[in-house]
Amino acid sequence: MQIRILEVRGNSLRFYINGVDTEVANALRRTMIADVPTMAIEDVMIVENTSPMRDEMLAHRLGLVPLKTDLESYVPRELCECHSELGCSRCSVTLTLEAEAADSSCTVYSKELESSDPEVIPVSGEIPIVKLASGQRLKLEAYARLGTGREHAKWQPVSVSAYRCAVQFSVDVDRCDLCLNCVKTCPRNLLKEDGKTIVLVQPEDCDLCKRCMDSCARGALTAMPEKNAFVFEIESTGALTPEDVFRKALSILRDRTDDLAEQLQIHVGRKTE
């Protein structure tokens, strides 16, 4: 397996990977979506709520606020020794919120959530939670824990996890007459003339529409999927960096394959006996 980082921009990561088949690429994609853990609010205790929003809806909105996650400091609640319904400092983070609209209406934002751990806070402080009219109050205590997207979408660390086949592009210089029809036809402007041939710039952006091939009357161009090579695009929710999501997904896949190999070895040993 070979991996090459193509672009890192904010919460987005794009990389090229080859030496793996489609099944492995898809397993990596699904692992990033469903199995990489993050923090999210699970339990909410409403002390006072005179807003127009029902308690259940308010709790649902709070659960969808992405929280920055420190995977090294916390363990899943089901693995914690406390066995508490609301968890402890090892498996849970407490966030409190108290807001009141005094003389005029106001909007309560995620930045008003006060966390017991300064490292586990909302990814953005500008997420609106509820609007209060004059005289309305809101007071609550929320408990966040680690979970995975397999359990609920609020724990998904990525909003985008997708891949497409990498492109294998070639030009037969003996057939090519440099008519430049392919350059004009490419909808993404990825082809350009380079001396006596045509080159594909930024091949990771090519989606294999093959309009360049169709426009070439001499059949000099070939744009085909590269075998066992893919371009991945990841967009994190901000709970984890896209690099951490990728590394954690690789670690989970490695542990699972090691466990599978061990189980197969045990099964074969029992069968031999």
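Going by the structure above, here's the rest.
Residues numbered from 1 in each chain as written. Predicted model: local features only at pLDDT ≥ 70, side-chain atom pairs only at ≥ 80, totals over all residues. Heavy atoms only, no water.

Visitor: Give a detailed account of the sheet that holds strand β1 (residues 2–9), specifying residues and quantitative values.
Guide: The strand order β1-β2-β12-β9 describes an open sheet built from four strands, whose pairing is antiparallel. Strands with a single pairing partner mark the edges of an open sheet, and in this sheet they are β1 and β9 (158–171). Strand-to-strand twist across the sheet, computed as the mean angle between neighbouring axes with direction ignored, equals 25°. Taken together, the seven bridges between strand β2 (residues 12–18) and strand β12 (residues 221–236) define a ladder with antiparallel strand orientation. Across the sheet, the residue bridging to Leu13 is Ile234, located in β12. Lying over the sheet, helix α1 (residues 22–34) contacts β9 and β12, oriented at roughly 155° with respect to β9. (Pairing = 2+ DSSP bridges. Helix = DSSP H or I, 4+ residues; strand = E, 2+ residues; numbered from the N terminus. Axes fitted to C-alpha atoms, helices over the stretch in contact; angles between N-to-C directions. Contact = heavy atoms within 4.5 Å.)

Visitor: Now, about a negative patch on the surface: what can you tell me, with residues and values included?
Guide: Together, Asp255, Asp258, Asp259 and Glu262 give the surface a local cluster of negative charge. Looking at where Asp259 falls in the secondary structure, it is placed in helix α5 (residues 242–272). Judged by relative accessible area, which is 41%, Asp259 ranks as partly exposed. (Patch = residues over 30% accessible without salt bridge, like charges linked within 9 Å, V, L, I, M, F, W, Y side chains within 5 Å. Areas by Shrake-Rupley, 256 points an atom, 1.4 Å probe, with all protein chains shown as cover. Salt bridge = Lys/Arg side-chain N within 4 Å of Asp/Glu carboxyl O. Lys, Arg positive; Asp, Glu negative; His and termini not counted. Charge placed at Lys NZ, Arg CZ, Asp CG, Glu CD. Buried < 20%, exposed > 50% of the residue type's maximum accessible area, 1.4 Å probe, protein only.)

Visitor: I'd like a rundown of the packing of aromatic side chains, residues and numbers included.
Guide: This model, assessed by the stated rule, comprises four aromatic pairs. Ring centres 5.1 Å apart and planes at 0° place the aromatic pair Phe15 and Phe232 in the stacked group. Taken together, the positions of Phe15 in strand β2 and Phe232 in strand β12 put the pair 217 residues apart, joining distant regions of the chain. Accessibility classification places Phe15 together with Phe232 in one group, the buried group. Measuring from centroid to centroid gives 5.2 Å for Tyr163 and Phe232, while their planes differ by 35°, and the two rings are tilted. Of this pair, Tyr163 sits in strand β9 while Phe232 sits in strand β12, placing them 69 residues apart in sequence. (Phe/Tyr/Trp six-rings, centres within 6.5 Å; stacked < 30°, edge-to-face > 60°.)

Visitor: How would you sum up the sheet that holds strand β3 (residues 38–49)? Please name residues and give values.
Guide: Strands pair in a sheet through their backbones, by hydrogen bonds, and they do so in one of two ways: parallel or antiparallel. Strand order in the open sheet made by the four strands is β3-β8-β4-β6, with antiparallel pairing throughout. Every interior strand has two partners, whereas the edge strands, β3 and β6 (114–115), have only one. As judged from the nine bridges shared by strand β4 (residues 92–100) and strand β8 (residues 137–147), these two strands associate in the antiparallel manner. Paired with Leu95 across the two strands is Ala142, which belongs to β8. Packed on one face of the sheet, helix α2 (residues 55–63) meets β3 and β8 and runs near 150° to β3.

Visitor: Give me the environment of Cys106: which residues, what numbers.
Guide: Considering the arrangement of structural elements, one finds Cys106 in strand β5 (residues 106–109). Overall, Cys106 belongs to the partly exposed group, its relative accessible area being 26%. For Cys106, the contacting residues outside a window of four places in its chain are Glu100, Ala101, Val130, Lys131 and Leu132.

Visitor: Tell me what's going on with the nonpolar core, and back it up with residues and numbers.
Guide: Counting residues in hydrophobic clusters, the biggest one holds 24 residues, and the most contacted among them are Met39, Leu58, Leu67 and Val130. For this core, the secondary structure elements donating two or more residues are β3, α2, β4, β7 (128–132) and β8. Looking at this core, the element that brings in the most residues is β8, giving five residues. If we ignore the near neighbours within four places in the chain, the residues touching Leu58 are Ile46, Asn49, Met53, Ile129, Val130, Leu138 and Leu140. One finds Met32, Val36, Ile234 and Ala249 within the second-largest nonpolar core, a separate group that totals 18 residues. (Core = buried A, V, L, I, M, F, W, Y, C linked by side-chain atoms within 4.5 Å.)

Visitor: A description of a nonpolar patch on the surface should follow, citing residues and the corresponding values.
Guide: On the surface, a nonpolar cluster with roughly 440 Å² of combined accessible area is contributed by Met1, Ile3, Ile5, Val8 and Val24. Tallying contributions element by element places β1 first for the nonpolar patch, with three residues. By the secondary structure assignment, Ile5 is in strand β1.

Visitor: How would you explain α2 if you had to name every residue and give the values?
Guide: Buried within α2 are the following residues: Leu58, Leu62 and Gly63. One face of α2 carries all of its buried residues, which in axial projection span an arc of 140°. Buried residues belonging to α2 abut β3, β7 and β8. (Arc of directions from axis to C-beta.)

Visitor: Which residues make up the pattern of salt bridges, and what values go with them?
Guide: Enumeration over the complete set of coordinates arrives at 18 salt bridges. Arg77 is the partner of Asp43 in a salt bridge, and the nearest nitrogen-oxygen pair spans 3.1 Å. Remark: Arg77 occurs in the loop between α2 and β4 and Asp43 occurs in strand β3; sequence separation between them is 34 residues. With relative accessibility at 12%, the residue Arg77 sits in the buried group. Residues joined in a network through salt bridges with shared partners are Glu7, Arg9, Arg14 and Asp205.

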